[in-house]
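Okay, here's what each chain looks like letter by letter:
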Amino acid sequence: MNPTQVAPEISIIVPTFNEAANVAPFIAAISNAMSSGKWEIIFVDDDSPDGTWQIAKTLGQSDSRIRVIRRMNRRGLAGACIEGVLSSTARIIVVMDADFQHDETILPQLIAPIENDEADLMIGTREESAGDQGFSARRARGSRMAGKMARLALQFDVSDPMSGYFAMKRSLFEDLAPSLSTSGFKILLDILMSAPATLRVHEVNYTFRSRQAGASKFDARAMLDFIALLVHKASNGLIPSRFLLFSAVGASGVIVHFLALRAGLSYAGLSFGVAQTLATIVAMTCNFSINNVLTYQDLRLRGVMAVKGLLKFYLVCGLGAVANIGAANWVFGMQQQWFLSGLVGVIVGSIFNFNMSTAFVWTRAARAKR
């Protein structure tokens, strides 16, 4: 790069996954909307199988305003946005999708108040009268419900805290970055819940359009992430979002255990000891599989590493059972209350299993060996 070349004033951060058909039209649309000013587009792609990152890189060879971050073995909308912003040197950052549901023509309206120091954060708000056009009916209902839940937890009067389209000062984002979750789905909500009360927030209405190509980034994991984020923030960060997902999976494992135990006793004719042992193994295997897909999605183990991870998980759960029983017996010896003692044992066992699983099963090092 020419050392005299002026850095962009605006960075448009675009998280992508399997959106190859959108890249070129999106760049053209941004060029039309941003006819003046020094700007850049940073595509943050989660190693799309359809070659989204490759197309963006090819276009970037002839246009220095196009940059690409290709994330290997990582997933998550929030994490992609954070990496994109932290790679920028621009004074103002914009976060938006490349699927054309976000109206690029309002970009000047989002950016101008920040340039003029009239706002710290500008939100592209989906109009209620037309906001469901880009949603399926079920997702529209889910979005409205999530929005109502989010507004109850916010200190700001924002009509669309679930929006994925916003602009803000980069320096402010970097100040908040250490407190933001990399596994969340709605990063704007995380920003609003982490920002000081002095944050100047304004909104610009737009019509939420239908997706042109690509698939929705919203899935069951995204909804779980949303609920976990609310609890994490409400507890002032004491309860990690990932721990809530881990605990939910553990609770489902209890159901699996009893179903497997009943099947072993009633249908296979096994003795209780054998049936209980097999049910325990089935439940732990099920818990590992679900955690590997949902809770530790960004650290997912595959192939031989998944087999090794499963064996480690068996060991962790075995030690967790010892911790559970030990804590429960200790409390019962002092209080003689079976319910309280059992509850303490479950909590201690869950915390032990989570911490040990994070430290020894789903580790960054294990993921790097895949």
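Residues numbered from 1 in each chain as written. Predicted model: local features only at pLDDT ≥ 70, side-chain atom pairs only at ≥ 80, totals over all residues. Heavy atoms only, no water.

Undergrad: Lay out the environment of Ala 328 with the relevant residues and their values.
TA: Mapped onto the fold, Ala 328 is located in helix α11 (residues 303–335). Classification of Ala 328 by relative accessible area gives buried; the value is 13%. For the pair Ala 328 and Leu 340, spaced 12 residues apart in sequence, the C-alpha to C-alpha distance is 8.2 Å. Not counting the four nearest positions on each side in its chain, Ala 328 is found in contact with Ser 341 and Gly 345. (Helix = DSSP H or I, 4+ residues; strand = E, 2+ residues; numbered from the N terminus. Buried < 20%, exposed > 50% of the residue type's maximum accessible area, 1.4 Å probe, protein only. Contact = heavy atoms within 4.5 Å.)

Undergrad: Tell me about the pattern of salt bridges, and please be specific about residues and values.
TA: In the structure shown here, the tally under the stated rule is 11 salt bridges. Residue Asp 117 pairs with Lys 169 through a salt bridge whose shortest N-O separation is 2.8 Å. One end of the pair, Asp 117, is in the loop between α4 (107–115) and β5 (121–126); the other, Lys 169, is in strand β6 (residues 166–169), with 52 residues separating them in the sequence. The class of Lys 169 is buried, set by a relative accessible area of 19%. A salt bridge links Glu 174 to Arg 170; the nearest nitrogen and oxygen atoms lie 3.0 Å apart. (Salt bridge = Lys/Arg side-chain N within 4 Å of Asp/Glu carboxyl O.)

Undergrad: Break down the packing of α11 against helix α12 (residues 338–360) for me, citing the residues and quoting the values.
TA: Packing of α11 against α12 leaves a shortest axis separation of 7 Å and a crossing angle of 150°. Judged by the angle between their axes, α11 and α12 are roughly antiparallel. Of the two possible hands of crossing, α11 and α12 adopt the one that is right-handed. For the contact of α11 with α12, a count of residues per class yields 17 nonpolar, 8 polar and 1 charged. (Axes fitted to C-alpha atoms, helices over the stretch in contact; angles between N-to-C directions. Parallel < 35°, antiparallel > 145°, perpendicular 65-115°, else oblique. Left-handed = near helix turned anticlockwise from the far one by under 90°. Nonpolar A, V, L, I, M, F, W, Y, C, P; charged D, E, K, R; others polar.)

Undergrad: Account for the sheet that holds β6, with residues named and values stated.
TA: Two modes of strand pairing occur in sheets, parallel and antiparallel, and in both the strands are linked by backbone hydrogen bonds. Taken in spatial order, the 7 strands of this open sheet run β3-β2-β1-β4-β6-β5-β7, and their pairing is mixed. Two strands in the sheet have a free side with no partner beyond their single neighbour: β3 (66–70) and β7 (201–206). In this sheet, neighbouring strand axes are inclined to one another by 20° on average, regardless of whether the strands run parallel or antiparallel. As defined by bridge partners, β5 adjoins β6 across 3 bridges and the pair is classed as antiparallel. Considered in β6, the bridge of Ile 123 is made with Phe 166. Together, β1 (10–16), β2 (39–45), β3 and β4 (92–95) form the strand contacts of helix α3 (residues 77–86), whose direction differs from that of β1 by roughly 150°. Set on the sheet, α4 makes contact with β1, β4, β5, β6 and β7; between it and β5 the angle comes to about 155°. (Pairing = 2+ DSSP bridges.)

Undergrad: Please provide a residue-by-residue account of the nonpolar core, values included.
TA: With 32 residues, the main nonpolar core has Ile 12, Phe 26, Ile 30, Ile 41, Phe 43, Val 94 and Leu 107 as its most contacted residues. In this structure, Val 94 is in contact with Ile 10, Ser 11, Ile 12, Ile 13, Leu 107, Ile 111, Tyr 165, Phe 166 and Ala 167, ignoring residues within four places of it in sequence. Core analysis: the second largest hydrophobic core is formed by 27 residues, Ala 78, Ala 80, Leu 121 and Leu 172 among them. (Core = buried A, V, L, I, M, F, W, Y, C linked by side-chain atoms within 4.5 Å.)

Undergrad: So what about the environment of Arg 75? Which residues, and what values?
TA: Relative to the helices and strands, Arg 75 resides in the loop between β3 and α3. The class of Arg 75 is partly exposed, set by a relative accessible area of 33%. Placed 221 residues apart in sequence, Arg 75 and Tyr 296 show a C-alpha to C-alpha distance of 10.0 Å. In contact with Arg 75, not counting residues within four places along its chain, are Phe 17, Asp 46, Gln 297 and Asp 298.

Undergrad: Help me get a handle on unusual backbone geometry, residues and values and all.
TA: The backbone phi angle of Asp 47 is positive, close to 55°, even though this residue is not glycine. Residue position: Asp 47 is located in the loop between β2 and α2 (52–60). A relative accessible area of 23% places Asp 47 in the partly exposed class. Positive phi, normally seen in glycine, also occurs at Asp 117, with a value near 55°.

Keep in mind these numbers describe shape, not what the thing actually does.
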